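In case you want the letters, here they are:
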Amino acid sequence: LIREINEALVLDQLRLNSPIARSTIANRTGLSPATITGITAKLSQAGIISEISLGASAGGRPPRLLAVNPSGGHAVGVRLGDDHLMVATVDLVGEVIMSESIPWKSGSPAEAVEVLADIVKRFDVTGSQLLGLGVAVSGSVDHRAGLVRYSGTLDWKDVPLREMLFDRLGIPVVIDRYVNAMAASLALFGKQHSDQDLIVINVGPSLGVSLVQGGRIMRGAGGAAGGLAHTSVSMSSDRGRQCHCGATGCLETVASEWGMLREIKRLTGQRMTIAAAVRRSQTDLFVAGVLRRGAQALGRAVANLAKVLDPHQVVVGGDGTQMGESFAGPFETTFHKSCRHGAGHDFDLAFVTFDEVSWARGAGCQVLASLFSVE
Ligand SMILES: [Zn+2]
């Protein structure tokens, strides 16, 4: 285990600071030069790292610099959607080598395993070592146990997906929630975000929150960290709306697409998509009000979380960014206003465009994460 930890420490320095000299890695990790030499020789032999160029000389012999070798391995990432799969093969530095959107009809877990096994076969084409498969699933996922606890989109409950895929494929498999795939893609190889403390919010049919500390996703003691969606936002005077989790008054009932569309249906009697609701909000005060109140509730809740965690940045992405000004505007205003009150300072808020390939890339990056840290 100590050898594994030391290897991960060295690789993490290479991930963050390539190209880097052996002596700098030794200084930053506290490992002895002999240990660094041993580990880098082994990683170099395995093709995971390579010597790339000569660094500036400090008078004597110029140091030889090391970097992660992009083609030293690859991972396949898949985002399981309700009517299609997005697949991406990523290299060792998280760059997408190939990607494809594949139509599918969500069926039983056993059917999904067969589809995923075919995909891995088809996307394992780089000639380098396949390090594993990452799968991003909507719903509640126990990452450590590799279990899909509940997915409304897939209509699955307590599915041991990691074990099923491992039995079928014999390669490492990582299962996680959508938002953690999004966070992994930002935190591991995002130039701007690597090594930072982040709060990552996915505004979609459900609300997803990922907490990133020093570039690593915080899991919590029970693996459920980030459960902001099911924190209570109702007042005692208002008994709160019933949530799909069984509780009442959750943020999810007010600020997720599911919650807002349900409220729009209650007020107008009409079922609509979120895109239709955004269009309708231009002329319908009821619809505009639902979106505005949802955005404001989310802004306050995220500001509360930022005050507790004091991150470098709050990143908002997912389908919510498609909601445009009718949601993003009131969210941003309420967030900054709530932060300034009492906290002492405002927080950096960024909206990111998260396309389908990015989700699949994130799922692939989750596999690579195991190279850089030992859980
Ligand atoms: Zn709830």
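1. Some details on the nonpolar core
Grouped burial of nonpolar side chains is what soluble globular proteins tend to show. Grouped together as the largest cluster of nonpolar side chains are 37 residues, with contacts concentrated most on Ile-199, Ile-201, Leu-251, Leu-298, Val-302, Val-314 and Phe-335. Every element with two or more residues in this core is listed here: β12 (198-203), β13 (207-213), α7 (251-255), α8 (257-268), α9 (274-280), α10 (285-309), β15 (313-317) and α11 (325-343). When residues of this core are assigned to their parent elements, the largest contribution, 11 residues, is made by α10. Those residues in contact with Leu-298 that lie beyond four places of it in its chain are Val-203, Leu-207, Leu-251, Ala-255, Phe-327 and Phe-331. Counting 27 residues, the second-largest nonpolar core is a separate cluster that includes Trp-104, Leu-116, Leu-161 and Val-173.

2. Regarding the coordination of the zinc ion
Around the zinc ion, the protein supplies His-230 (ND1), Cys-243 (SG), Cys-245 (SG) and Cys-250 (SG) as donor atoms, at distances of 2.0 to 2.4 Å. Around the zinc ion, the four donor atoms sit at angles spanning 102 to 119°, and that spread fits a shape best called tetrahedral. Each donor residue of the zinc ion lies on the same chain, and together they follow the pattern H-x12-C-x1-C-x4-C.

3. Describing the pairing of strand β7 (residues 130-137)
Regular strands show a simple pattern: their side chains alternate between the two faces of the sheet. The element β7 is extensively covered by neighbouring structure, given that eight of its eight residues are classed as buried. Direction of pairing for strand β4 (residues 74-80) relative to β7: parallel, over a ladder of six bridges. In the sheet register, Val-78 faces β7, and the bridge partner there is Val-135. Pairing of β7 with strand β11 (residues 173-177) involves five bridges; the strand directions are parallel. Bridge assignment links Val-137 to a residue of β11, and that residue is Arg-177.

4. As for the sheet that holds β4
With mixed pairing, five strands are arranged side by side in an open sheet as β6-β5-β4-β7-β11. The strands lining the two open edges of the sheet, one partner per strand, are β6 (96-103) and β11. This sheet shows a mean twist of 15° between the axes of neighbouring strands, independent of strand direction. In terms of strand pairing, β4 meets strand β5 (residues 84-91) through seven bridges, oriented antiparallel. What sits directly across from Leu-80, in β5, is Leu-85. Packed on one face of the sheet, helix α5 (residues 161-169) meets β7 and β11 and runs near 155° to β11. Across the sheet, helix α6 (residues 178-189) touches β4, β7 and β11, and the angle it forms with β11 is around 110°.

Criteria and thresholds
- Residues numbered from 1 in each chain as written.
- Predicted model: local features only at pLDDT ≥ 70, side-chain atom pairs only at ≥ 80, totals over all residues.
- Heavy atoms only, no water.
- Core = buried A, V, L, I, M, F, W, Y, C linked by side-chain atoms within 4.5 Å.
- Buried < 20%, exposed > 50% of the residue type's maximum accessible area, 1.4 Å probe, protein only.
- Helix = DSSP H or I, 4+ residues; strand = E, 2+ residues; numbered from the N terminus.
- Contact = heavy atoms within 4.5 Å.
- Donors = N, O, S within 2.8 Å, 3.2 Å for Na, K, Ca; no water.
- Tetrahedral: all angles 85-135°; square planar, octahedral: opposite > 155°, others 65-115°.
- Pairing = 2+ DSSP bridges.
- Axes fitted to C-alpha atoms, helices over the stretch in contact; angles between N-to-C directions.

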